[in-house]
Amino acid sequence: MRIKTVSERNLLTISSSNPMEITIKNLYKAVKNPIRSFRIFKAFLRGLFYIIYYRIIKGNSVRIKFPFWAFYKVKIVGPGSVFIDKNCRVMKNLYQGLTIVTFSKNAKVKIGKKCCLGGLTIYCHHKIEIKDYTMTANSLVQDNLLCHIKMVKSLIKEKVLRPKPVIIGKNVWLGMLSCVLSGSIIGDYSVISIGSVCYDLKVKEYHLTIGNLVKRLLPIEHLLLLQRKNERLDCEN
């Protein structure tokens, strides 16, 4: 086994509180693999471009904190405000990497630090917040049932089509083709399974959602206990 030198250990144990030190750490790891190094460096440069580009085009309404790793395209349109915290990654997926659309000046989108966003689309009329360490596949988050509310003529418009805030907690996993719609509050460490649709739903911490629409929540702890029991039975057999 190769023993790391003092300088290597010091570099690998750099505090994660400083964005520049995190950047150096990631680049150091990437040097070991030239292809991976090129991809990461390209994502770093593209992310830096998006930070500067949206700062110039959108001014204070769009803020992306450094470093920002853009492995695929990022598109932000609309008059609302968007904030993306440091060390977020935009990954390539079935659809474009990250698309954010705001429909009014009062719309606010906030994405926490170290989120991994792949194929995520956000439509915001009022407020959408995604907290730290959340991971997404190609999924949809919007704070209303319909994007273009003004084009819809309905007697129940005020009740059903009124925007409601969407809050997604820390370390949440949004599965492929999942939808989180208006009024939904997703607790920390929860999983939105493939194809699930959450509408005006409150999900507790450490829960798995299943269904379209989601009607029942399953505690992740129960799944882990069931898995351990199955492993014990397999060992006994």
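Structure first, text after, so check above.
Note that this is a predicted model, so its numbers are computed, not measured.

Caption draft 1: Seen up close, the environment of alanine 107. Looking at the secondary structure, you find alanine 107 in the loop between β6 (98-102) and β7 (108-111). Between the C-alpha atom of alanine 107 and that of glycine 78, which follows or precedes it by 29 residues, the distance is 9.1 Å. Apart from residues no more than four positions distant in its own chain, alanine 107 is found in contact with Gly80, Ser81, Thr102, Cys124, His125 and His126.

Caption draft 2: Examining the pairing of strand β20 (residues 207-211) more closely. Here strand β17 (residues 191-192) runs beside β20; their pairing, made up of 2 bridges, is parallel. By the bridge assignment, valine 191 is partnered in β20 with leucine 208. Note: β20 against strand β21 (residues 214-219), 5 bridges, orientation antiparallel. Paired with histidine 207 across the bridge in β21 is proline 219. Where β20 folds back on β21, the antiparallel hairpin that results is connected by 2 residues.

Caption draft 3: Up close: the pattern of salt bridges. For the structure shown, the criterion picks out 1 salt bridge. Of the charged contacts in the structure, one is a salt bridge between lysine 164 and aspartate 200, with a shortest N-O distance of 3.4 Å. Of the two residues, lysine 164 sits in the loop between α4 (157-160) and β13 (166-168) while aspartate 200 sits in the loop between β18 (197-198) and β19 (202-203), which places them 36 residues apart along the sequence. Judged by relative accessible area, lysine 164 falls into the partly exposed class, the value being 28%. Judged by relative accessible area, aspartate 200 falls into the partly exposed class, the value being 40%.

Caption draft 4: Highlighting unusual backbone geometry. Omega for the bond connecting phenylalanine 66 with proline 67 falls within 30 degrees of zero, at -5°, which places this linkage in the cis form. With respect to the helices, strands and loops of the structure, proline 67 is situated in the loop between β1 (62-64) and β2 (68-70). Put simply, asparagine 212 and leucine 213 share a cis peptide bond, and its omega is -5°. Tracing the sequence through the fold places leucine 213 in the loop between β20 and β21. Positive phi is not limited to glycine here, since asparagine 87 has a value of about 65°. Asparagine 87 sits in the buried class, given a relative accessible area of 8%. With a phi angle near 55°, asparagine 171 is a residue other than glycine that sits in the positive phi range. Turning to its location among the elements, asparagine 171 is positioned in the loop between β13 and β14 (173-174).

The rules behind the values
Residues numbered from 1 in each chain as written. Predicted model: local features only at pLDDT ≥ 70, side-chain atom pairs only at ≥ 80, totals over all residues. Heavy atoms only, no water. Helix = DSSP H or I, 4+ residues; strand = E, 2+ residues; numbered from the N terminus. Contact = heavy atoms within 4.5 Å. Pairing = 2+ DSSP bridges. Salt bridge = Lys/Arg side-chain N within 4 Å of Asp/Glu carboxyl O. Buried < 20%, exposed > 50% of the residue type's maximum accessible area, 1.4 Å probe, protein only.

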